[in-house]
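Results of the structural survey
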Amino acid sequence: MRQWNPFMPELPDIVVYLECLQRRIVGKPLEKVRLLSPFLLRSVEPPLSEVVGRRVIGLRRLGKRIVFALEEDLFLVLHLMIAGRLHWKPRGAKPPGKIGLAAFDFPDGTLLLTEAGTKRRASLHCVRGEAELARHNPGGLEVLDADESQFRAALTRENHTLKRALTDPRLFSGIGNAYSDEILHRARLSPLAQSLRLTAEEIERLYDATRETLTSWLERLRREVGDGFPAKVTAFRPDFAVHGKYDQPCPVCGTMVQHIVYAENETNYCPRCQTAGKVLADRSLSRLLKDDWPRTIEELEQ
């Protein structure tokens, strides 16, 4: 089976990270920050040293970003990007070899940040004040807090393919490559369908599928982690219907899952359930998308 790029943690994964951290670090002082990679920190003011000794008073999610709120109106904004992962270890733990980027020491343990691969895409910003923090918010709709009319307004704000619309952080918050595939499969809609051409019934179906997919996977991940800490954040989950399942049978109809590769992104879909039996060619996607799909992960997250 063909394996694709590593998985960028999305809404369910980030929420579970936050819930696990909530139990461990909120109310506790950040005793020390050990920065191992000069590429991680992307801000200079205020200096990172200002967060040392400050208590963590809350945690937030901004799209796919994790926000640590500290005393004195300070915030750490962490974006894991594709290969960044968090690990909770005993206090003072040493970050692993070449993949260790940073260590955040607390009284009861150490939060390690790692990033696999050679590209250093994960980022950390230190900011002061809500106004500066707002600059890191892409502004996408929180679907689990939205009604159907709000969803429709976000979806039809611009005309995009559904794959692009769902993964555009300015339109929808926290949805990426993996869960968009699962959402579109559940909604029985083509990833290349145009957002402004959907019927009212199709929009309703997509809204329900988005909420159901995110909610069901959030609950599954919570059950998997229990009182522990996420150990394997991955796109290759046995219970996914289509994402990462190229050339495997669709769990609904048995048709072999197909994929479209474009730049650094891959779309997985069932041709029988989603595209009326039509196999979508990569060259067709390239002609259709042109500027409607970013060529790099960085473009997608901007």
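Residues numbered from 1 in each chain as written. Predicted model: local features only at pLDDT ≥ 70, side-chain atom pairs only at ≥ 80, totals over all residues. Heavy atoms only, no water.

Another aspect to go through is unusual backbone geometry. Omega for the peptide link from glutamate 45 to proline 46 comes to 0°, which places this bond in the cis form. Within the secondary structure, proline 46 is located in the loop between β1 (32-35) and β2 (56-62). Positive phi outside glycine occurs at aspartate 73, with the angle close to 60°. Residue aspartate 73 is classed as partly exposed on the basis of its relative accessible area of 40%. (Helix = DSSP H or I, 4+ residues; strand = E, 2+ residues; numbered from the N terminus. Buried < 20%, exposed > 50% of the residue type's maximum accessible area, 1.4 Å probe, protein only.)

Here we have four strands laid out as an open sheet, ordered β1-β6-β7-β5, and antiparallel in their pairing. Each edge of the open sheet is held by one strand with a lone partner, namely β1 and β5 (84-89). This sheet shows a mean twist of 15° between the axes of neighbouring strands, independent of strand direction. Strand direction decides the pairing type here: β5 and strand β7 (residues 109-115), joined by six bridges, are antiparallel. Paired with tryptophan 88 across the strands is leucine 111, a residue of β7. Those strands touched by helix α1 (residues 11-25) are β5, β6 (100-106) and β7, and its axis lies near 30° from that of β5. (Pairing = 2+ DSSP bridges. Axes fitted to C-alpha atoms, helices over the stretch in contact; angles between N-to-C directions. Contact = heavy atoms within 4.5 Å.)

Our next topic: the confidence of the model for the protein. Across the protein, pLDDT averages 91, with 90% of residues at or above 70. Contacts of residues 1-5 to residues separated by more than four positions or lying in other chains number 16 contacts, the stretch itself having pLDDT below 50. (pLDDT = per-residue confidence, 0-100.)

According to the stated counting rule, one finds eight aromatic pairs in the structure shown. Ring geometry for tyrosine 179 against tryptophan 217: centres 6.4 Å apart, planes inclined by 65°, an arrangement best described as edge-to-face. Placement of the pair is tyrosine 179 in helix α5 (residues 177-187) and tryptophan 217 in helix α6 (residues 200-225), with a sequence separation of 38 residues. In terms of burial, tyrosine 179 and tryptophan 217 fall into one category: buried. Residues tryptophan 217 and phenylalanine 240 carry aromatic rings whose centres are separated by 4.7 Å and whose planes lie at 65° to one another, so their mutual orientation is edge-to-face. Placement of the pair is tryptophan 217 in helix α6 and phenylalanine 240 in the loop between α6 and β9 (258-262), with a sequence separation of 23 residues. Across this residue pair, the class does not change: tryptophan 217 and phenylalanine 240 are buried. (Phe/Tyr/Trp six-rings, centres within 6.5 Å; stacked < 30°, edge-to-face > 60°.)

Strands pair in a sheet through their backbones, by hydrogen bonds, and they do so in one of two ways: parallel or antiparallel. Taking strand neighbours across the sheet as the criterion, the four strands line up as β2-β3-β4-β8 in an open arrangement whose pairing is antiparallel. Strands at the two margins of the open sheet, each flanked by one partner only, are β2 and β8 (123-128). Each adjacent strand pair in this sheet contributes to an overall mean axis angle of 20°, direction not counted. Pairing analysis gives six bridges linking strand β3 (residues 65-70) to strand β4 (residues 74-79), with the strands arranged antiparallel. Note that in β4 the partner of valine 67 across the bridge is valine 77.

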